[in-house]
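Remarks on the overall topology
Listed below, chain by chain, are the residues.
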Amino acid sequence: MSVPVWIWLATIGGLLVLLAIDLVIVDRKPHEVGVGEAARWVTFYVACAVLFGIGIWMFSGGTHAGEFFAGYITEYSLSVDNLFIFLVVMSAFKVPAIHQHKVLLVGILLALVFRGVFIAVGAAAISQFSWVFYVFGAFLVYTAVKLSGSGLGGDHDEPYEENRVTKWARKLFPVTDDYHDGQVFTKIDGKRFATPMFIVMIAIGSADLMFAVDSIPAIFGLTKEPFLVFAANAFALMGLRQLYFLLGGLLRRLVYLSIGLAVILGFIGLKMVLEALHTNTLPFINGGEHLNVPTIGIPLSLSVIIGVLIITAVASLMKTRRDDRKNVASAKDVVTDESGEGTETDRARIEADRPGR
């Protein structure tokens, strides 16, 4: 896939325009983003990604379009796991609801820059060293095994601990206790201070960088085209902020998310290893010759990714609904109510526990 420089510039320029529109409309007046507003923006960004994919299909063919959609869906689904971290960070720093959108905007812009660097390094490594696919594939399989053992819904209730980047930022600038109307920096008695907004933005951006360690190798397992890798990541990140406000408490109900993502990562890792074997050049494997092993195409990859996500969501919601019903039943199942009169079940238990029975 040959992508002229002007296409790169036009794509980046278009993404910046979309972000500018979002910034002007949403952040012009700080407010708490409601579910309806978030739903409209999520729909808008998903529609933009779909139109972009259709454009690729029209000008570059169905194969590259399929790679983009597979990469976009994978990155978006993997990014949902980031939202748990965002919730923890927002809660730990007690970010006011009216400023959360601004925090996510700047944090995700930082993440996009960081991921751009990762993509450039990954693309250069793959083009120079074919064995990198073995490394990426093995890493994804390892990550999948580790993620699947993290428990239902992941370990997202642990207290937040600031990473080295945020600690370094605190050393670089003195930080105020108050948010000062959402300002990033402020002056007190002529001295410049950073506000907690600055630290939270750094925390969001650096947290996403950690997730990029998994997601970037994953998308390279679906396409080797740097342009498609970048575009899929950009569209996934741009829609992530609004998804945060749309899902809200629903995130806690995705109890099987970690298992679903583990299956996807493991599948892509296997796909990468098979492709590495199919194009093998390492002398200690089959004497440096290619191995006649089956490879996994984009149609199958796309079907597996979508199928796993649907099963994960449905199974998660079914389980949490059952758990809610059990909790309601347990709450009603008390020995006596406040009036001193128990339910039929309560009275039966009391009768059974009476002396002489």
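See the structure printed just above.
Counting starts from 1 at the beginning of each chain's written sequence and moves along it residue by residue. Only residues with pLDDT of 70 or above have their local features reported here, since the model is predicted, and side-chain atom pairs are shown and tallied only from 80 upward, although totals for entire chains, interfaces and linings are computed over all residues. To obtain the side-chain values, all non-hydrogen atoms of the structure were used and water was disregarded.

**A closer look at the overall build of the chain**
Here is the rule we go by: Numbered from the N terminus, helices here are DSSP runs of H or I no shorter than four residues, and strands are runs of E no shorter than two. Burial classification: accessible surface area is computed with a 1.4 Å probe over protein chains only, and a residue below 20% of its type maximum counts as buried, one above 50% as exposed, and the rest as partly exposed. Contact definition: two residues touch when any of their heavy atoms are within 4.5 Å.
Scanning the chain from N- to C-terminus turns up 12 helices and 2 strands. Listing every helix and strand of the chain by position from the N terminus yields α-α-α-α-α-α-β-β-α-α-α-α-α-α. Split into buried and exposed, the 357 residues of the chain put 44% on the buried side. In the chain, once contacts between residues fewer than 6 apart in sequence are set aside, the share between residues at least 24 apart is 75%.

**What about helix α5 (residues 132-148)?**
Residue pairs three or four apart in sequence face the same way in an α-helix, which turns once every 3.6 residues. Definition in use: In this analysis, the expected span of each helix is defined as 1.5 Å times one less than the number of residues it contains.
Helix length check: α5, at 17 residues, gives a terminal C-alpha distance of 24 Å against a target of 24 Å (1.5 Å per residue), a fit within 8%. Among the residues making up α5, those that are buried are Val132, Phe133, Tyr134, Phe136, Gly137, Leu140, Thr143, Ala144 and Leu147.

**As for the pairing of strand β2 (residues 191-194)**
Where we set the bar: At least two DSSP bridges between two strands are needed for those strands to be called paired.
Pairing analysis gives 4 bridges linking strand β1 (residues 185-188) to β2, with the strands arranged antiparallel. Pairing of phenylalanine 185 across the sheet is with alanine 194, part of β2. Here β1 folds back onto β2 in antiparallel fashion, the turn holding 2 residues, of which aspartate 189 has a positive phi close to 55°.

**Concerning the environment of alanine 138**
Here alanine 138 is to be found in helix α5. In this structure, the C-alpha to C-alpha distance between alanine 138 and methionine 272, residues 134 residues apart in sequence, is 8.5 Å.

**Brief notes about the packing of aromatic side chains**
Going by this rule: Classification of ring pairs uses Phe, Tyr and Trp, with its six-membered ring standing for Trp, and accepts pairs whose centres are within 6.5 Å; under 30 degrees between planes counts as stacked, over 60 as edge-to-face, and the remaining range as tilted. Here, over-ring charges are defined by two tests on the NZ atom of lysine or the CZ atom of arginine: distance to the ring centre within 6 Å, and angle to the ring normal within 35 degrees.
Evaluated as defined, the whole model comprises 15 aromatic pairs. Put simply, the rings of Trp8, Phe52, Phe68, Phe69, Tyr72, Tyr76, Phe227, Phe230 and Phe235 touch in pairs and so form one group of aromatic residues. The ring of phenylalanine 185 has arginine 192 lying over it, and the distance from NZ or CZ to the ring centre is 4.8 Å. Looking at lysine 224, its charged tip hangs above the ring of phenylalanine 133, at a distance of 5.0 Å from the centre.

**Here's the deal with the side chain of threonine 74**
Mapped onto the fold, threonine 74 is located in helix α3 (residues 62-92). What threonine 74 contacts, discounting residues up to four positions off in sequence, is Leu222, Ile264, Ile268 and Ile305.

**As for empty space enclosed by the protein**
Rolled over the atoms, a probe with the dimensions of a water molecule shows which regions are left empty. Under the convention used in this document: Whether a set of points on the 1 Å grid over the protein atoms alone is a cavity depends on a 1.4 Å probe fitting there but being unable to get out, while an open set qualifies as a pocket with protein on both sides within 12 Å along at least five of seven lines; lining residues are those with an atom within 4 Å of a point. Grid points are joined across faces, edges and corners, and a volume is the space filled by probe spheres set on the points. Note on residue classes: Ala, Val, Leu, Ile, Met, Phe, Trp, Tyr, Cys and Pro are nonpolar, Asp, Glu, Lys and Arg are charged, and everything else, Gly too, is polar.
Using the criterion set out here, one finds 1 cavity of 30 Å³ or more in the structure. Empty space within the largest cavity amounts to approximately 30 Å³. Considering the residues around the largest cavity, the lining is formed by Leu19, Leu105, Ile108, Leu109, Leu112, Leu237, Met238 and Arg241. Of all the elements in the fold, those that place two or more residues in the lining of the largest cavity are α4 (100-128) and α8 (226-238). Considering each element in turn, the lining of the largest cavity owes the most residues, 4 residues, to α4. Along the lines of polarity and charge, the residues of the lining of the largest cavity split into 7 nonpolar, no polar and 1 charged.

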